[in-house]
Amino acid sequence: MSSETGAAKHLDEVEKSSQLETYDEKLGLDSLDTSNGDAALQLVGAQATAHFSEEYNRRLRRKLDFVIPTISAAVYFSQYLDKTSLNYARRVIMGFPINYNLVSMAFYLGYLFWEFPTVYISQKLRLAKYLGGNIVVWGIILMLHASTDNFAAFFVLRFLLGMCESCVAPCLILIISMFYKKDEQAKRISWFYVMNGLTQVFGGFVAYGISFYGGKALPPYKIIYILLGALAIVVGIVVLIWLPDSPVNASMLTKEERIAALERVRNDQGGTENKKFKKDQVIEALTDARTWLVVLSTVLTTIPNGALTNFSNIIIKSFGYTSKQTLILGTPAGFIASIMVLFCGWYSDKKGERMIPVVFALIPTIVGTAILIGLNGSKSKGVLLFATYILGTFGSALSTIYAYNASNTSGHTKKVTINAMTMATFSIGNIIGTEIFQPKDAPAYIPGKTAIMISLILQLCISILLRWINVRLNKKRKAQLAEEKARRGWTDDDVQRERERHAFADLTDRQNIFFVYTN
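Only a predicted model underlies this, so the values are computations on that prediction, with no experimental measurement involved. (Residues numbered from 1 in each chain as written. Predicted model: local features only at pLDDT ≥ 70, side-chain atom pairs only at ≥ 80, totals over all residues. Heavy atoms only, no water.)

## Focus on the overall build of the chain
For step 1, the next point in the chain: A tally of helices and strands in the chain yields 21 helices and zero strands.
For step 2, the next point in the chain: Residues counted as buried form 59% of the 519 residues belonging to the chain.
For step 3, the next point in the chain: Taking the contacts inside the chain whose residues are at least 6 apart along the sequence as the reference set, 86% of them involve residues at least 24 apart. (Helix = DSSP H or I, 4+ residues; strand = E, 2+ residues; numbered from the N terminus. Buried < 20%, exposed > 50% of the residue type's maximum accessible area, 1.4 Å probe, protein only. Contact = heavy atoms within 4.5 Å.)

The structure is reproduced here in structure tokens:
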């Protein structure tokens, strides 16, 4: 009897042990495999052995800030000027018949076509070098816009431009996420995303000045393309020389600073770069409900982007202003959009929030669109202009979505997959956006303005849902970790040691029990 009892007890213990091993494997605890971990492991190992003072880390962050956000801002400045060059060129009169909707769409078709290939190519190569090469090529393509006088060639060039520029946001988001802690990322992303608003100001003034050009050597629109293309080439060369790929091989840092840069972000559990493509992480990205909510959010945010990026000047002109007046009158919207981007980035990091700033960004655009619809046909030019000036605040929502992805995704292949899906749907939303302002609806474009308002109201609801999901996931994760701590008899030091061991193992946010989501 005693023997049977002992055997039964042994079987129970074996079964319980087996269940615990399965549980541990699911959480990435005992079964942790670092052989396929991040490149960071080669430099700092699985456990933190070097520790740096707060003052040292502040000096290091200032050094990073001087280079990474600055160059990233130059890239975005150049990209957004290139992307909106059609808007400015059209306003200074292009000398051949052109279907404005189709050539606007061509850029985003190229963007969509090449988005997934470009992010997976970038995973295999040096990230900043790949980005810099693409920038130089797109500068050349932009200059070639000045060489054509027919629609077909122009369409092809816009398509190729979209292909080259499709790598920008995914590469910059990855670089920011590798060098900066979660509570620093949104602000740094806002520092380069703010260029969207500032280029609206700069581009408007440049196009306005060129519109007075009376020479016959080159049409004004060709001058725009040559200047912007040359600027992109210069920026691309700067990226190739000075923008670091990752903390592991950043030539701008000493070896000690590279180690410090990695240790600074270790506890965030976000990882760094990993050259190995992992199919299981792609599957996880595709089966994560939050991925599809981010995708839907991106589409709903970029439908207005596709419309207003290319048609904002047309809306202002419909109030009765000349083409030249329109170029200047559109610039205040860029200032307002820039202020909102910086505010949302600051608030997002300060409060540890991602979705609340999205709400802040969307409300003024919804109000502005409602004013344009409600006062359509009125002579209240001042009120209508004010409405167009607050339309651009919604752009801050997209920069915060980028920060959401950077802070809430772990596992390098999963990161690049979600970034690719986000940017692919960015192009889809923009393609839809170019088509909601139809010539038959001119000059009021009421259906297009209504579509913008509905899209952003839906986006508000999804933002609130995403925040709720992350709050819920964090509560479950906290309880799960407390349970493991009690079961294993871990001290706080044990927990910290395990957290360090998991940081660069290239685990996904689902696999890593120590990963904390940002709301």
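Resuming the write-up.
## Things to note about the packing of helix α16 (residues 355-374) against helix α17 (residues 381-391)
For step 1, the next point in the chain: For the pair α16 and α17, the least separation of the axes is 8 Å and the interaxial angle reads 150°. With respect to α17, the axis of α16 lies roughly antiparallel. Between α16 and α17 the crossing geometry is left-handed. On α17, the residues that touch Pro-364, Thr-365, Val-367, Gly-368, Thr-369, Ile-371 and Leu-372 of α16 are Val-383, Leu-384, Ala-387, Thr-388, Ile-390 and Leu-391.
For step 2, the next point in the chain: Of the residues that constitute the contact of α16 with α17, the class distribution is nine nonpolar, four polar and no charged. (Axes fitted to C-alpha atoms, helices over the stretch in contact; angles between N-to-C directions. Parallel < 35°, antiparallel > 145°, perpendicular 65-115°, else oblique. Left-handed = near helix turned anticlockwise from the far one by under 90°. Nonpolar A, V, L, I, M, F, W, Y, C, P; charged D, E, K, R; others polar.)

## A short note on the packing of aromatic side chains
For step 1, the next point in the chain: For the coordinates displayed, the defined rule picks out 19 aromatic pairs.
For step 2, the next point in the chain: Plain terms: the ring middles of Phe-113 and Phe-159 are 5.9 Å apart, the flat faces sit at 40° to each other, and that makes the pair tilted. Within this pair, whereas Phe-113 is found in helix α4 (residues 100-124), its partner Phe-159 is found in helix α6 (residues 151-165), the two being separated by 46 residues in sequence.
For step 3, the next point in the chain: Given the relative accessible area of 23%, Phe-159 is considered partly exposed.
For step 4, the next point in the chain: Ring geometry for Tyr-347 and Phe-360: centres 5.2 Å apart, planes at 75°, overall edge-to-face. In this pair, Tyr-347 sits in helix α15 (residues 331-351) while Phe-360 sits in helix α16, placing the two residues 13 residues apart along the sequence.
For step 5, the next point in the chain: A residue is classified by how much of its surface remains accessible, and Phe-360, at 30% relative accessible area, is partly exposed.
For step 6, the next point in the chain: Here the aromatic cluster, defined as three or more aromatic residues joined through ring pairs, consists of Tyr-76, Phe-192, Tyr-193 and Tyr-402.
For step 7, the next point in the chain: Above the face of the Phe-515 ring, Lys-182 is positioned so that its terminal group lies 3.7 Å from the ring centre.
For step 8, the next point in the chain: Lying across the ring of Tyr-321, Lys-381 places its NZ or CZ 4.5 Å from the centre. (Phe/Tyr/Trp six-rings, centres within 6.5 Å; stacked < 30°, edge-to-face > 60°. Lys NZ or Arg CZ within 6 Å of the ring centre and 35° of its normal.)

## Section: a nonpolar patch on the surface
For step 1, the next point in the chain: Residues Ile-237, Leu-240, Ile-241 and Trp-242 make up a contiguous nonpolar surface patch of roughly 400 Å² in combined accessible area.
For step 2, the next point in the chain: Relative to the helices and strands, Leu-240 is located in helix α10 (residues 220-242). (Patch = residues over 30% accessible without salt bridge, like charges linked within 9 Å, V, L, I, M, F, W, Y side chains within 5 Å. Areas by Shrake-Rupley, 256 points an atom, 1.4 Å probe, with all protein chains shown as cover. Salt bridge = Lys/Arg side-chain N within 4 Å of Asp/Glu carboxyl O.)

## Description of the pattern of salt bridges
For step 1, the next point in the chain: Tallying each qualifying case throughout the model produces 24 salt bridges.
For step 2, the next point in the chain: In this structure, the salt-bridge partner of Lys-278 is Asp-506, at a minimum N-O distance of 2.6 Å. Taken as a pair, Lys-278 in the loop between α11 (255-266) and α12 (279-287) and Asp-506 in the segment after α21 (492-502) lie far apart in primary sequence, 228 residues in all.
For step 3, the next point in the chain: Where salt bridges share partners, they join Glu-284, Asp-288, Arg-290, Lys-414 and Asp-509 into one cluster.

## Topic: α15
For step 1, the next point in the chain: Compared with an ideal rise of 1.5 Å per residue, which puts 21 residues at 30 Å, α15 spans 31 Å between its outermost C-alpha atoms and is within 8% of the ideal.
For step 2, the next point in the chain: Remark: Gly-352 follows α15 within two positions and exhibits a positive phi of approximately 65°. (Expected span 1.5 Å × (residues − 1).)

## What about the side chain of Thr-118?
For step 1, the next point in the chain: Assignment of secondary structure puts Thr-118 in helix α4.
For step 2, the next point in the chain: Discounting chain neighbours no more than four positions away, the residues touching Thr-118 are Tyr-130, Ser-166 and Cys-167.

## What to know about the nonpolar core
What tends to happen in soluble globular proteins is that the nonpolar side chains get buried as a cluster.
For step 1, the next point in the chain: Membership of the largest hydrophobic core comes to 110 residues, with the highest contact counts inside it found for Val-75, Tyr-76, Leu-131, Phe-179, Leu-243 and Tyr-402.
For step 2, the next point in the chain: Beyond its immediate stretch of four places on either side in the chain, Leu-243 contacts Ile-68, Ile-71, Ala-128, Lys-129, Leu-131, Leu-172, Ile-175 and Val-238. (Core = buried A, V, L, I, M, F, W, Y, C linked by side-chain atoms within 4.5 Å.)

## Some remarks on unusual backbone geometry
Trans peptide bonds make up most of the peptide bonds, and negative phi angles are found at most residues other than glycine.
For step 1, the next point in the chain: Residues other than glycine seldom take positive phi values, yet Tyr-445 does so here, at roughly 55°.
For step 2, the next point in the chain: Along the chain, Tyr-445 turns up in the loop between α19 (412-435) and α20 (446-488).

## A few points about the environment of Tyr-130
For step 1, the next point in the chain: Among the secondary structure elements, Tyr-130 is positioned in helix α5 (residues 127-144).
For step 2, the next point in the chain: Along the primary structure Tyr-130 and Thr-118 are separated by twelve residues, whereas in three dimensions their C-alpha atoms are 9.3 Å apart.
For step 3, the next point in the chain: Non-local contacts of Tyr-130, meaning those with residues more than four positions away in its chain, are made with Trp-114, Thr-118, Ile-121, Ser-122, Leu-125 and Cys-167.
For step 4, the next point in the chain: A polar side-chain atom of Tyr-130 sits 2.6 Å from a polar atom in the side chain of Thr-118. (Polar contact = N/O pair within 3.5 Å; in protein donor to acceptor, adjacent residues only side chain to side chain.)

## Description of the state of the cysteines
Structurally, a disulfide amounts to a covalent bond that connects the sulfur atoms of two cysteines.
For step 1, the next point in the chain: Summed over all chains, the structure comprises zero disulfides.
For step 2, the next point in the chain: Residue Cys-171 stays outside any disulfide, its sulfur separated by 4.7 Å from that of Cys-167, the closest cysteine. (Disulfide = S-S within 2.5 Å.)

## Section: the side chain of Glu-115
For step 1, the next point in the chain: Position of Glu-115 relative to the elements: it lies in helix α4.
For step 2, the next point in the chain: Not counting residues within four places of it along the chain, the set of residues in contact with Glu-115 comprises Ser-166, Pro-170, Ala-420, Met-423 and Ala-424.

## Examining the packing of α15 against α16
How two helices pack is summed up by the angle between their axes together with the distance between the axes.
For step 1, the next point in the chain: Between α15 and α16, whose axes approach to 9 Å, the crossing angle comes to 160°. Here α15 lies roughly antiparallel to α16, going by the angle between them. Like other packed secondary-structure pairs, α15 and α16 cross with a definite hand, here right-handed. The segment α15 lies against α16, with Met-340, Phe-343, Cys-344, Tyr-347 and Ser-348 engaging Ile-356, Pro-357, Phe-360, Ala-361 and Pro-364.
For step 2, the next point in the chain: The residue inventory of the contact of α15 with α16, partitioned by class, reads nine nonpolar, one polar and no charged.

## Some details on the environment of Trp-191
For step 1, the next point in the chain: Examined against the element boundaries, Trp-191 turns out to sit in helix α8 (residues 182-193).
For step 2, the next point in the chain: Trp-191 gets classed as partly exposed once you look at its relative accessible area, which sits at 30%.
For step 3, the next point in the chain: Remark: the alpha-carbon pair of Trp-191 and Val-341, spanning 150 residues in sequence, is separated by 8.2 Å.
For step 4, the next point in the chain: Discounting chain neighbours no more than four positions away, the residues touching Trp-191 are Asp-65, Pro-69, Ala-73 and Leu-342.

Take it as geometry only, folks, not as evidence of what the structure does.
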